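Close look at the chain arrangement
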Amino acid sequence: MNADRKSDSRFEHKGTVQLTAAMVLSGTLGIFVVESGASPFNVVFFRVLFGALALGAYALARGYFRDHGLTPRKLGLAALGGLFIVFNWVFLFQSYENTSISVATVVYHTQPFYVVLLGALLFRERLTAAKAGWIALAFGGLILVSGVTPSDFTGGDGTYLLGVGQALLAALLYGLSTLVTKRITGVRPHLIALVQVVVGIPLLLPFADFGAMSGTGADWGWLVGLGVIHTGLMYVLMYAAYAQLPTAKIAVLAFTYPAVAMVADWAVYGHHIGLVQALGVPLIVAASLKVTLARQPASAPAPRTAARAPEAASRTATPAEC
């Protein structure tokens, strides 16, 4: 019994380190996007291109293509999820330009509420009064964090308001991807993620401006990093951690992502949210935890390894699942 407890403790500690590392990497995503100097469509195109190469090489090395479990229906669902994921990234990266990495990331972190609302609307999933209350509280926090004032609707060029709307739309697309991907079972999450980024290549090809990339030079390193580090390495760390951690710990550690993003945005670009905006952050965090943990009991154990339970490990291929 003691040996089992020690083993479980080691697995959970390892998973904690892996997920924390993945969320820290997620928090630096905006820096890579901005420093690349490329347009959002070009950034996402090269992210999915280099990400597909990285994930494909990892899956091949681990032998995941054998007994992959993909059927035409599952492949179609993964492709549909990929459609939502790819354009979710486009709108999020556009939001970075029109607001800031900090504001866009916190607004984007309203994703769990869209999952609940869309589930109730599209699939008749139960929406309790308590969940509705927490969602209302979260959107109150969202109003504070966004920093939008009546003057944004009546004056100015509307760029900031557009950026907030783009972050919200990105979160909505994420929610749609989550609901679609939840219906894929028996397939390793690495393969689902691989399908999603591969689908993004032809989807974004008509929007990519290769002529604008001619003077990119050393900035190619940022784009390669988005694919190899923020899509390949980060997903491998996330999925390994998910297989070893309980839902409650995953939900809490997920907030490392926006915290690091806000610190990085301040350290590199001098951007920070104001005092009134900061008051909205704990509202979103508390409501997100309540809604996420209500969707799945905190005591539910995660599968010990993705290899033993690929069905349970089938998760949306995004960095902020909770």
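We now turn to the structure provided with this report. The written sequence of each chain sets the order in which its residues are numbered from 1. Reporting in this predicted model follows two pLDDT cut-offs: at least 70 for local features of residues, and 80 or more for side-chain atom pairs to be given and counted; totals over whole chains, interfaces and linings ignore these cut-offs and use all residues. Hydrogens and water are ignored here; the side-chain numbers use all heavy atoms of the structure.

**Remarks on the overall build of the protein chain**
Just so we agree on the cut-off: Each helix corresponds to a stretch of at least 4 residues labelled H or I by DSSP, and each strand to a stretch of at least 2 residues labelled E; elements are numbered beginning at the N terminus. For each residue, the accessible area found with a 1.4 Å probe, counting protein chains only, is set against the maximum for its type, and the residue is called buried under 20%, exposed over 50%, and partly exposed in between. Throughout, a residue-residue contact means that at least one pair of heavy atoms, one from each residue, lies within 4.5 Å.
The helix and strand tally for the protein chain stands at 14 helices and zero strands. Sequence-ordered secondary structure for the protein chain, helices as α and strands as β, is α-α-α-α-α-α-α-α-α-α-α-α-α-α. Looking at the 322 residues of the protein chain, the share that counts as buried comes to 50%. Across the protein chain, every contact between residues at least 6 apart in sequence was considered, and the portion connecting residues at least 24 apart equals 90%.

**Here we look at unusual backbone geometry**
For Asp 67, which is not glycine, the phi dihedral falls at a positive 50°. For Asp 67, the position within the fold is in the loop between α3 (40–61) and α4 (72–98). Since its relative accessible area comes to 81%, Asp 67 is described here as exposed.

**Digging into the packing of helix α6 (residues 111–123) against helix α7 (residues 129–146)**
Put simply, the rule is: Axes here refer to lines fitted to C-alpha atoms; in helices the fit is confined to the stretch in contact. Angles between the N-to-C directions go from 0 to 180 degrees. Any angle that falls under 35 degrees is termed roughly parallel, while one over 145 is termed roughly antiparallel, one within 65 to 115 roughly perpendicular, and all others oblique. In a left-handed crossing the near helix is turned counterclockwise from the far helix by less than a right angle, and in a right-handed crossing that turn is clockwise. Polar here means any residue outside two lists: the nonpolar Ala, Val, Leu, Ile, Met, Phe, Trp, Tyr, Cys and Pro, and the charged Asp, Glu, Lys and Arg; Gly therefore counts as polar.
As a packed pair, α6 and α7 sit with axes 10 Å apart at the nearest point and diverge in direction by 140°. On the basis of the axis angle, α6 is oblique to α7. For the pair α6 and α7, the sense of crossing is left-handed. The segment α6 lies against α7, with Phe 113, Tyr 114, Val 116 and Leu 117 engaging Lys 131, Ile 135, Ala 138 and Phe 139. Residues that form the contact of α6 with α7 fall into these classes: seven nonpolar, no polar and one charged.

**Focus on the packing of aromatic side chains**
Stated precisely, the cut-off is as follows: Two rings from Phe, Tyr or Trp (for Trp, the six-membered ring) form a pair when their centres sit within 6.5 Å of each other. Planes less than 30 degrees apart are called stacked, planes more than 60 degrees apart edge-to-face, and all others tilted. Comment: the charge-over-ring label is applied if NZ (Lys) or CZ (Arg) is within 6 Å of the ring centre and within 35 degrees of the ring normal.
A complete count under the given rule lists 14 aromatic pairs for this structure. Ring plane angle 75° and centroid distance 6.0 Å describe the contact between Tyr 58 and Tyr 64, whose orientation is recorded as edge-to-face. Classification of Tyr 58 as partly exposed rests on a relative accessible area of 23%. Taking the centre distance of 6.0 Å and the plane angle of 45° together, the rings of Tyr 235 and Tyr 239 count as tilted. One end of the pair is Tyr 235 and the other is Tyr 239, both in helix α11 (residues 220–242) and four residues apart, which spans about a single turn. Through successive ring pairs, a cluster of aromatic residues spans Phe 45, Phe 46, Phe 50, Phe 210 and Trp 220. When the ring centre of Trp 89 is taken as reference, the NZ or CZ atom of Arg 47 above it lies at 3.9 Å.

**Observations regarding a nonpolar patch on the surface**
Applied cut-off: Every patch collects residues that have over 30% relative accessible area and no salt bridge, joining them within 9 Å if they carry like charges and within 5 Å if they are nonpolar side chains (Val, Leu, Ile, Met, Phe, Trp, Tyr). Surface accessibility in these figures is a Shrake-Rupley result with a 1.4 Å probe; residues are shielded only by whichever protein chains are displayed. Salt bridges are counted wherever a side-chain nitrogen of Lys or Arg sits within 4 Å of a carboxyl oxygen of Asp or Glu.
Where nonpolar side chains cluster on the molecular surface, the patch consists of Leu 121, Leu 122 and Phe 123 and spans about 320 Å² of accessible area. Along the chain, Leu 122 falls in helix α6. In this structure Leu 122 comes out as partly exposed when scored by relative accessible area, which is 47%.

**Side note on the environment of Ala 79**
Take Ala 79: it is sitting in helix α4. Note: C-alpha distance between Ala 79 and Val 195 (116 residues apart in sequence) is 6.3 Å. Setting aside its immediate chain neighbours within four residues, Ala 79 contacts Val 195 and Val 199.

**Observations regarding the nonpolar core**
Across soluble globular proteins, nonpolar side chains show a tendency to be buried alongside one another. Applied cut-off: What is meant by a nonpolar core is a set of buried Ala, Val, Leu, Ile, Met, Phe, Trp, Tyr and Cys residues, joined one to another through side-chain atoms within 4.5 Å.
Among the nonpolar cores identified, the biggest contains 68 residues, and Leu 19, Phe 93 and Tyr 96 are the most heavily contacted of them. If you tally residues by element for this core, the top one is α4, at 11 residues. With residues near it in sequence (within four places) discarded, Phe 93 still touches Leu 29, Val 33, Pro 40, Val 43, Val 44 and Arg 47. One finds Val 116, Ala 138, Ile 284 and Val 291 within the second-largest nonpolar core, a separate group that totals 14 residues.

**Here's the deal with the pattern of salt bridges**
Using the criterion set out here, one finds one salt bridge in the structure. The residue Lys 249 makes a salt bridge to Glu 12 at a minimum N-O spacing of 3.1 Å. With Lys 249 in helix α12 (residues 247–253) and Glu 12 in helix α1 (residues 2–27), this residue pair connects regions lying 237 residues apart in the sequence. Under the relative-accessibility criterion, Lys 249 is labelled partly exposed at 29%.

**Structural notes on the packing of helix α2 (residues 29–36) against α11**
Following both chains from N to C, one finds α2 and α11 inclined at 155°, their axes separated by 8 Å at the closest point. Classified by the angle between their axes, α2 and α11 sit roughly antiparallel to one another. As α2 runs across α11, the sense of the crossing is left-handed. Residues Leu 29, Phe 32, Val 33, Glu 35 and Ser 36 of α2 touch α11, and the partners they reach there are Trp 222, Leu 223, Gly 225, Leu 226, Ile 229 and His 230.

**A closer look at the environment of Ser 102**
Tracing the backbone shows Ser 102 in helix α5 (residues 101–108). Note: C-alpha distance between Ser 102 and Ala 264 (162 residues apart in sequence) is 8.6 Å. Sequence-distant contacts of Ser 102, defined by excluding residues within four places in its chain, comprise Ala 261, Met 262, Asp 265, His 271 and Ile 273.

**Looking at α6**
Stated formally: By this rule the span expected of a helix is its residue count minus one, scaled by 1.5 Å.
Across its 13 residues, α6 extends 17 Å between first and last C-alpha, which sits within 8% of the 18 Å expected from 1.5 Å per residue. For α6, the complete set of buried residues consists of Gln 111, Pro 112, Phe 113, Tyr 114, Val 115, Val 116, Leu 118 and Gly 119. Two residues or fewer past α6, Arg 124 is found with a positive phi of approximately 60°.

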